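Residue-level structure breakdown
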Amino acid sequence: MEGPPLLLTLLLLSLLSATPTTFSATPPRAVVSPTPSPISSPTPPRNSSSSSSSSPSPSLSPTSSPSPPSSSSPSSPSPGSSTLDPKQLRALQSLNIPTSKDPCTQPALLRNNITLCDSSKPFRHLLSLRLLNCSDDVALSFTALRSLSTLQSLRFENCPIAPIAFPPELALSLRSFTAISSLRRLTGVWLSRLQNLTDLTVSNVMVNASGPFVILGNMKKIRSVTVSRANLTGFFPRHLSPNLTHVDFSGNKLRGRIPSSINRLENLQSLNLSSNSFNGEIPTTIGDLISLHNLSLASNSLSGAVPESISAIPSLVHVDLSSNQLNGTIPRYFTGMKTLKYLNLANNNFRGVMPFNASFISRLAVFKVGGNDNLCYNRSILSSKMKLGIAPCDKHGFPMSPPPAKDSSQDDSTDSDYNDTDSENTTHKEHHRGPNKVVLGVAIALSSIVFLIIFLVLISKCCR
């Protein structure tokens, strides 16, 4: 009778010993399974094997979370590259520039703002930044600009925000600066601090300065300068950097004479002084600018003759001397300029016979001589169909009297200034006037008869 109880006891003991092993294995799986996901995401895969042993320790999570950014950030964009300096990233954010992605690796994600970075490690730095169509909440910060002192090019377009003094580090680092319809109002002293510029462009921005020299006097490396439509006053500087290749002071209030010392700009390729108040004669030394391609002196008060020295400039493509008070005859040497494509001599006081033939005019893209009342063209050389805007010459070389004023109803698209169709047009018009008079007479007669009938009816009623 003791056998079975002994067997039952052994079976119960074996079941009890097996049951704790199965229960002890299941709780670690339930705890470990959720813990690897938050730890393995910032941690490289090499730690996944030890996650089961480290997961129960809650102190490892905060300590491991700061470490991965420092080790993985240089390699996060792509192998062998690095991310933007965190200080510069915060500076961009303070300027309200979206930086959800790395602006060095994906500059197109910054919408209208374009960046260019160097390739330094462990962090890259900004070299170029363009701000376009800034919102109203953008404000320049001295601290942010100091963090961006590695910039070599800074461009504002349609950003009418208030300017501030640049940190010295940034002012000396910049090589190119552009402000187009931006920064509200600048001063010559503010711009002069950018001493190492090679390229300066300021357009549609009010600049308070007593002349361009205040801006450019200390810029020894400047090569291209545009200060246009900026309400700039004063005179053209007598001394500028000989490295200049491009000068544009158009649309300002500069006055006085163009100095003869302009020939010191021996590397100049483009000169635009249009829409100012320059007076006096064009200096003959302008012919020393043998590298010049584009010359625009339009809309000033220049007088005298066009200097013959311009013929010594071998590569002129664009010449605009319109809307001045230039006089004398038009120089014939323009016909020998093989590269010339644009010639505007309109609205001056030129006189005599225009020295150009049809072959010269036809090879130009733009040719204008209208608005010179004492200038005429030779009818034996040029056809009136060319619409030059000047009268033909008589046998003495003077402009013929202008044709009679055209009727307002006549089409202005006739092919010539003087033609033999005027008499036909007159006859044609008179032919149309005849029927109009007959119709008018019939209408008057009918109205008179109606009036007479009404009058007789009224009289007959009164007599009764």
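These lines cover the structure that appears in this document, whether it is placed above or below. Computed from a prediction, not measured in an experiment: that's the story for all the values here.

Observations regarding the overall build of the protein
- Scanning the protein from terminus to terminus reveals 12 helices and 24 strands.
- By residue count, 38% of the 464 residues in the protein fall in the buried class.
- Here the analysis covers contacts within the protein between residues at least 6 apart in sequence; of these, 42% occur between residues at least 24 apart.
- About 26,100 Å² of surface is accessible on the protein, with carbon and sulfur atoms providing 58% of the total.

Observations concerning the pattern of salt bridges
- Taken as a whole and judged by the stated rule, the model has two salt bridges.
- For the salt bridge of Arg130 with Glu157, the shortest nitrogen-to-oxygen distance reads 3.9 Å. Here Arg130 is found in strand β4 (residues 126-132), whereas its partner Glu157 is found in strand β5 (residues 153-157), with 27 residues between them in sequence.
- Glu157 is the salt-bridge partner of Arg155, the closest N and O atoms lying 2.3 Å from each other.
- Overall, the relative accessible area of 17% leaves Glu157 in the buried class.
- What you see here is one network of salt bridges that share partners, running through Arg130, Arg155 and Glu157.

Topic: the packing of aromatic side chains
- Counted under the stated rule, the structure contains eight aromatic pairs.
- Here the aromatic rings of Phe236 and Phe249 are separated by 5.9 Å at their centres, their planes lie at 65°, and the arrangement is edge-to-face. With Phe236 in the loop between β11 (233-235) and β12 (246-248) and Phe249 in the loop between β12 and β13 (253-256), this pair connects stretches of sequence that are 13 residues apart.
- According to the relative accessible area criterion, Phe236 is buried, its value standing at 5%.
- Among the aromatic residues, those joined into a ring-pair cluster are Phe156, Phe166, Phe177 and Trp190.

Observations concerning empty space enclosed by the protein
- Counted under the stated rule, the structure contains one cavity of 30 Å³ or more.
- Taken as a whole, the largest cavity spans an internal volume of roughly 30 Å³.
- Lining the largest cavity, in full, are Leu95, Leu129, Leu131, Leu140, Leu145, Leu148, Leu151, Leu154 and Phe156.
- Within the residue set of the lining of the largest cavity, elements represented by two or more residues are β4 and β5.
- Broken down by class, the residue content of the lining of the largest cavity amounts to nine nonpolar, no polar and no charged.

Observations concerning the environment of Lys395
- With respect to the helices, strands and loops of the structure, Lys395 is situated in the loop between β24 (391-392) and α12 (422-463).
- According to the relative accessible area criterion, Lys395 is exposed, its value standing at 79%.
- Along the chain, Lys395 and Asn378 lie 17 residues apart, while their C-alpha atoms are 9.3 Å from each other.

Focus on a nonpolar patch on the surface
- Residues Val442, Leu446, Ile449, Ile453 and Val457 make up a contiguous nonpolar surface patch of about 440 Å² in total accessible area.
- Taking relative accessible area as the criterion, Ile449 reaches 48% and is therefore assigned partly exposed.

Side note on helix α6 (residues 86-94)
- Turning to α6, its buried residues number three or more, namely Gln88, Ala91 and Leu92. Seen along its axis, α6 keeps its buried residues to an arc of 100°; they face one direction. Residues Lys87 and Arg90 are exposed on α6 and point more than 90 degrees away from its buried face.
- Buried residues belonging to α6 abut β1 (83-84), β3 (123-124), β4 and α7 (142-147).
- Looking one or two residues beyond α6, the residue adopting positive phi is Asn96, at roughly 65°.

Quick notes on the state of the cysteines
- Counted by the stated rule, this structure contains two disulfides.
- The disulfide bridge from Cys134 ends at Cys159, spanning 1.9 Å between sulfur atoms. What sets the handedness of the Cys134 and Cys159 disulfide is the S-S torsion sign, and at about 70° it is right-handed. Here Cys159 lies in the loop between β5 and α8 (168-173) and Cys134 lies in the loop between β4 and α7, a separation of 25 residues in the sequence. By the burial criterion, Cys134 is buried, and Cys159 matches it.

Here's the deal with the sheet that holds β13
- Reading across the sheet, the eight strands line up as β11-β13-β15-β17-β19-β21-β23-β24 and stay open at both edges, with parallel pairing between neighbours. Across the chains shown, the open sheet's two edge strands, defined by having one partner strand only, are β11 and β24.
- Where strand β17 (residues 301-304) and strand β19 (residues 325-328) come together, two bridges link them in parallel fashion. Across the sheet, the residue bridging to Gly304 is Leu326, located in β19.

Here's the deal with unusual backbone geometry
- Positioned with a positive phi, Arg184 is a non-glycine residue whose angle comes to about 55°.
- Along the chain, the position of Arg184 falls in the loop between β6 (176-180) and β7 (185-187).
- Phi at Asn231 takes a positive value of approximately 60°, unusual for a residue other than glycine.
- Following the sequence through the fold, Asn231 ends up in the loop between β10 (224-228) and β11.

What about the side chain of Asn276?
- Secondary-structure assignment places Asn276 in the loop between β14 (270-272) and β15 (277-281).
- A polar contact is formed between the side chain of Asn276 and the backbone oxygen of Leu273, at a distance of 3.2 Å.
- Here Asn276 is in contact with Phe249, Ser250, Gly251, Asn252, Lys253, Leu254, Ser299 and Asn300, once residues within four sequence places are set aside.

Topic: the pairing of β6
- Of all five residues in β6, four are buried, a share of seventy percent or more.
- Strand direction decides the pairing type here: β5 and β6, joined by five bridges, are parallel. Paired with Leu154 across the strands is Phe177, a residue of β6.
- Between β5 and its parallel partner β6, the chain crosses via α8, and the hand of that crossover is right-handed.
- As paired strands, β6 and strand β8 (residues 199-203) are joined by five bridges and run parallel to one another. Within the sheet, the bridge partner assigned to Phe177 lies in β8 and is Leu200.

The rules behind each value
Every chain is numbered independently, its residues counted from 1 as its sequence is written. Reporting of local features is limited, given that this is a predicted model, to residues whose pLDDT is at least 70; pairs of side-chain atoms are given and counted only at 80 or more, and all residues count toward the totals for whole chains, interfaces and linings. Heavy atoms throughout the structure, all of them, feed into the side-chain values; hydrogens and water do not. Comment: elements are numbered from the N terminus, with helices defined as DSSP H or I runs of at least four residues and strands as E runs of at least two. Think of it in three bands: with a 1.4 Å probe and only protein chains considered, a residue is buried below 20% of the maximum accessible area for its type, exposed above 50%, and partly exposed in between. Residue contacts follow a heavy-atom distance rule, with two residues in contact if any of their heavy atoms lie within 4.5 Å. Only the protein chains shown count as cover for residues, and all accessible areas are computed by the Shrake-Rupley method using a 1.4 Å probe. In the sections that follow, a salt bridge refers to a side-chain nitrogen of Lys or Arg positioned within 4 Å of a carboxyl oxygen of Asp or Glu. Think of it this way: a Phe, Tyr or Trp ring, Trp meaning its six-membered ring, pairs with another when their centres are within 6.5 Å, and the plane angle makes it stacked under 30 degrees, edge-to-face over 60, tilted otherwise. For each structure, a 1 Å grid was placed over the protein atoms alone; sets of points admitting a 1.4 Å probe that cannot get out are labelled cavities, open sets with protein on both sides within 12 Å along at least five of seven lines are labelled pockets, and lining residues have an atom within 4 Å of a point. Grid points are joined across faces, edges and corners, and a volume is the space filled by probe spheres set on the points. Each residue is assigned to one class: nonpolar for Ala, Val, Leu, Ile, Met, Phe, Trp, Tyr, Cys and Pro, charged for Asp, Glu, Lys and Arg, and polar for all the others, Gly among them. Patch membership needs two things, relative accessible area over 30% and no salt bridge, and members are linked within 9 Å if like-charged or within 5 Å if nonpolar (Val, Leu, Ile, Met, Phe, Trp, Tyr). The directions from the helix axis to the C-beta atoms form the arc being described. Here, two cysteine sulfur atoms that lie within 2.5 Å of each other are counted as a disulfide. Pairing between strands is defined by DSSP: at least two bridges between them are needed. Pairs of N or O atoms within 3.5 Å make up the polar contacts considered here, provided that, within protein, one atom can donate a hydrogen while the other can accept it, and that residues adjacent in sequence are counted only when both atoms are side-chain atoms. Whether a crossover is right-handed comes down to one check: with the strands pointing away from the viewer, does the path from the first strand over the helix to the second run clockwise; if it does, it is right-handed.

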